[in-house]
Amino acid sequence: MKEYNPKEIEKKWQDIWEERGTFYASDDKTKPKYYALVEFPYPSGQGLHVGHPRSYTALDIVARKRRMQGYNVLYPMGWDAFGLPTENYAIKNKIHPRIVTERNIARFKAQLKSIGLSFDWSREVDTTDPKYYKWTQWIFLKLFEKGLAYKKEASINWCTACKIGLANEEVVNGVCERCGGEVVRKVKNQWMLKITEYAERLIQDLQLVDYIERVKIQQENWIGRSTGMEIDFAVTGGKQIKVYTTRPDTLFGATYMVIAPEHPLIDELKDFVANLDEIEAYKEQANKKSDFERTELAKEKTGVEIKGIKAVNPATEKEIPIFVSDYVLMSYGTGAIMAVPGHDTRDWEFAKKFNLPIVEVVAGGNIEEAAYTDTENGIMVNSGFLNGLEVKEAKEKISDWLEEKGIGKRKVNFKLRDWVFSRQRYWGEPIPLIYCEKCGWVPVPEEELPVVLPEVESYEPTDTGESPLANIREWVETTCPKCGGKGERETDTMPQWAGSSWYFLRYTDPHNDKELASKENLDYWLPIDWYNGGMEHTTLHLLYSRFWHKFLYDCGVVPTPEPYQKRTSHGMILGENSEKMSKSRGNVVNPDEIIEEYGADTLRVYEMFIGDFEKSVPWSQNGIKGCRRFLDRVWKLQSILTDGDAFSKELETSLHKTIKKVSEDFENLKFNTAIAALMSLLNEFNDRGQIHRAEFKTFLMLLNPIAPHITEELWQINGYEGMIAEQSWPRWDEEKTKDAMVEIAVQVNGKVRAAIVIPAEASQEDVKKKALEDEKIICFIQGKNIVKEIYVPGKIYNIVVK
Ligand code: ANZ
Ligand code: ZN
């Protein structure tokens, strides 16, 4: 027997698969299809990280199993290659981002191939390829046409280091998600996408899909649907302040109001306001903070009373003061609130600090100590005609009352904001619009797409915050497609999230130059059957792509309302020290080195064996060695291989049990326990000192999706027909998974006193008979009466004696 030499056999099989196109999806649409998808990577300069193969191997296993089950499988891969790190690298090293991108892609591709992932490489997509982004631009123009893309002066998150605007989702813990730089508010003219128009459906349609619970919940919370009321408060000077509240029931407890520093009322009531300077100064302070900082619960409350104006609480008819404070955001609700310090924590803290009255209107807590925020338990007090009602009843009653009086309206609100779609950067898709003094914004005609990124000398963003494209006058200056007059091209580019919002559609028909993909292919392949990706994308890519897909569905381009039927998510792989792997910590493991030393199959087995797929787990070099030893033992099974095509009787149950376990575990992300089951089956073979040919073949097929190279090689060495990848997935017989004999613990008065072995199908009577024949049991019950028996079938038989 030859030594197990992964270096030799892995390259050999990778070449064979590629040559034969073994894993290419077929155009034969009569076969049942299966579309498995993983998030395509951003090809960074660092190369592949050991975190990448976790997700890729998991769905590779599913894809390989599905092929063996007779499906036409699409398992594609591509590159999400626009983006800041490449651009920053290009600026620093004075290389064109195109060249940096090509280099990074080549490296990533070689690395992925060396892992033996069964991607259909004939369908590779690259978001920076003009043939691809032509369609990204095309979708943008459709959005523009339908009024879902609009340009607006918006106060946006501005990263002071990257010098670009960021979407809310890109600000994490108050700093820039990419560089950790300070984020301030800045008013800029931005292209926005109206994702809010789809808010309701993005929540409702979560019912149509099978997403793991935490993904569903995160999306729901992010979209943040709430039901409440808008209420008008009369203000000095005949004006009104409209507030949004989810607790109209607490109206009698509203002892003051707060408006956001940016609220237009301040300007409108200028003539009445006694302390305008103080308010302006406060406004300036607030401007420097991000929404995150402003609404942080723990934060010390600040604010300024607007002197000279008052509001009237419509329920109590009392005059109440109005404050400006940054804990109220202009971007949510109406930018103004009625403050109920007895029942809202932030209002309570603010009232304490500014010595404002705190009135209890829902009994049940102790408002001296904290706001009572419970909405399930509590009875209305100090609330006039609401007294004695429960919160839910009070809500309805006051809402009716306010609507009748014409000063309130029931309202559904969403936390979700429109998507800031402009970036003042070079390395992104040009926004295909031309500005004409006469015609306004005019789309570039479809036949002129793509608008290709022009060559520039410098990729540095300008300090005024304009894209470097603005410096290329000969590109910017053009003619208006509508009137033929002078026009100027938009110089903002799209955010990195653009290309990834529809890439899964392109895989179905990647070389089509007439449409983004043909109708027949979309009809056949959609929806994606299983999509695995990172939790960090739940409120970004996953939400954005659902939005684009729904929009394309409304345009009749795609056949399904949702793109992904099933969504799962993997945990992170941490350093051996359980900290996040990062260059600065020096704990990054390079998959190339693992493959070089132990082989790709070992890497694959280890990535899947490392722990619960959904949890974060630390890397372990010892674990790697253990997985290599397992494969060495698989290789050595050859030395105990004997002829015979039937399963042997002794191991029949174990074999059927393992087929069942592995088959089911692969479907349920339990790759680790599937591998453990294969390891114990291998032990059984070794204990017996023999493995029959039929058993060996089954074992190899079960292991194949996890360790495809070694299993192909063993299949071939032993002269079995065809390739293992072309075999049918093993089946189990449910009857044969049941143990013939079971061991039952016999307890007397709750203590285990003996164990009996009995056929699995034995009745309680049989168990009792056998138990009472056992000498130890006889000892314990002699001279006593059996007063009770409890039987847990197949497990425990308990006798109670007195
Ligand atoms: C009175 C009240 C009483 C409130 C009470 C809460 C509890 P959700 O559920 O997240 O939608 N709010 C409204 N607009 C705001 C803004 N622009 N900035 C900051 N806070 C704002 O939250 C709705 C509640 O958040 C609203 O209901 C309002 O406070 C506050 F016992 O109104 B409530
Ligand atoms: Zn024009």
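Sequence order as written defines residue numbering, which begins from 1 separately in each chain. Here chains are named by letter from A upward and ligands by number from 1 upward, in the order in which they appear as written. Local features in this predicted model are restricted to residues of pLDDT 70 or higher, and side-chain atom pairs are both shown and tallied only at a pLDDT of 80 or more, whereas totals for entire chains, interfaces and linings draw on every residue.

Asker: Residue-level account of the domain arrangement of the protein chain, with values.
Answerer: For the domains described, the bounds stem from an automatic or database domain assignment. Domain parsing of the protein chain yields domain 1 (225-414), domain 2 (617-736) and domain 3 (739-801). If you average the C-alpha positions of domain 2 and of domain 3, the two centres end up 37 Å apart.

Asker: Go over helix 17 (residues 591-598) with me, naming the residues and quoting the values.
Answerer: Residues are called buried when their C-beta atom has 20 or more other C-beta atoms within 10 Å, exposed when it has 12 or fewer, and partly exposed otherwise; all C-beta atoms are positioned from the backbone. Under the scheme used here, helices are H or I runs from DSSP no shorter than 4 residues and strands are E runs no shorter than 2 residues, and both carry numbers assigned from the N terminus. Regarding helix 17, the residues found buried are P591, I594 and I595. For helix 17, the buried positions fall inside an angular range of 95° around the axis, keeping them on one side. By the convention adopted here, residues make contact when the C-beta atoms placed from their backbones lie within 7 Å. In this structure, the buried side of helix 17 is in contact with helix 2 (52-68), helix 4 (97-114), helix 18 (600-609) and helix 19 (621-636). Backbone geometry just downstream of helix 17 places G599 in the positive-phi region, at approximately 105°. The directions considered for the arc are those from the helix axis to the C-beta atoms.

Asker: Provide a residue-level description of the packing of helix 18 against helix 19, including the pertinent values.
Answerer: One way to put it is that helix 18 packs onto helix 19 with a least axis distance of 9 Å and a crossing angle of 120°. In terms of their interaxial angle, helix 18 and helix 19 are classed as oblique. As helix 18 runs across helix 19, the sense of the crossing is right-handed. Facing helix 18, whose interface residues are D601, T602, V605, Y606 and F609, helix 19 presents G623, I624, C627, R628, F630 and L631. Residues are grouped as follows: Ala, Val, Leu, Ile, Met, Phe, Trp, Tyr, Cys and Pro are nonpolar; Asp, Glu, Lys and Arg are charged; every other residue, Gly included, is polar. Residues belonging to the contact of helix 18 with helix 19 are distributed by class as follows: 7 nonpolar, 2 polar and 2 charged. Lines are fitted to the C-alpha atoms to define the axes, a helix being fitted only along its stretch in contact, and any angle between axes, read from their N-to-C directions, falls within 0 to 180 degrees. Relative orientations are named as follows: roughly parallel for angles under 35 degrees, roughly antiparallel for angles over 145 degrees, roughly perpendicular for angles from 65 to 115 degrees, and oblique for any other angle. By definition, any crossing whose near helix is turned counterclockwise from its far helix by less than a right angle is left-handed, and any crossing with a clockwise turn is right-handed.

Asker: Please set out the site of ligand 1 residue by residue, giving values where relevant.
Answerer: Around ligand 1, 17 residues are found, and the nearest of them are S226, T245, R247, G333 and H343. Every element with two or more residues in the shell around ligand 1 is listed here: strand 12 (239-245) and strand 16 (336-339). For each residue, a C-beta atom is positioned from the backbone; the residue is called near a molecule or strand if that atom sits within 6 Å of it.

Asker: I'd like a rundown of the packing of helix 18 against helix 21 (residues 671-688), residues and numbers included.
Answerer: It is at 7 Å that the axes of helix 18 and helix 21 come closest, and there the two elements cross at 120°. Every residue of helix 21 that contacts helix 18 at V605, M608 and F609 is listed here: F671, N672 and I675.

Asker: Break down unusual backbone geometry for me, citing the residues and quoting the values.
Answerer: Residue P450 is bonded to the preceding L449 through a cis peptide linkage, with omega at 0°. Tracing the backbone through its elements, the reader meets P450 in the loop between strand 22 (440-443) and helix 13 (473-476). Between L526 and the following residue, P527, the backbone shows a cis peptide bond with an omega angle of -5°. Inspection of the secondary structure assignment puts P527 in the loop between helix 15 (519-525) and strand 25 (530-532). A positive phi angle is found at K94, which is not glycine, with a value near 55°. Inspection of the secondary structure puts K94 in the loop between helix 3 (84-93) and helix 4. A tally of 8 C-beta atoms within 10 Å means that K94 is categorised as exposed. Non-glycine residue N382 carries a positive phi angle of around 50°. With respect to the secondary-structure elements, N382 resides in the loop between strand 18 (379-380) and helix 12 (391-405). Overall, the presence of 15 C-beta atoms within 10 Å leaves N382 in the partly exposed class.

Asker: Summarise the pairing of strand 24 (residues 486-489); cite the residues concerned and give the values.
Answerer: A regular strand carries its side chains on alternate faces of the sheet. Only one face of strand 24 is buried: it carries G487 and R489, and the other face, with K486 and E488, is open. Here 3 bridges tie strand 21 (residues 433-436) to strand 24, and the two strands are oriented antiparallel to one another. Looking across to strand 24, one finds that C436 is bridged to G487. Bridge count for strand 23 (residues 477-479) against strand 24 is 3 bridges, and the pairing is antiparallel. Looking at the pairing, T479 lines up with K486 of strand 24. The criterion for strand pairing is that DSSP finds at least two bridges linking the strands in question.

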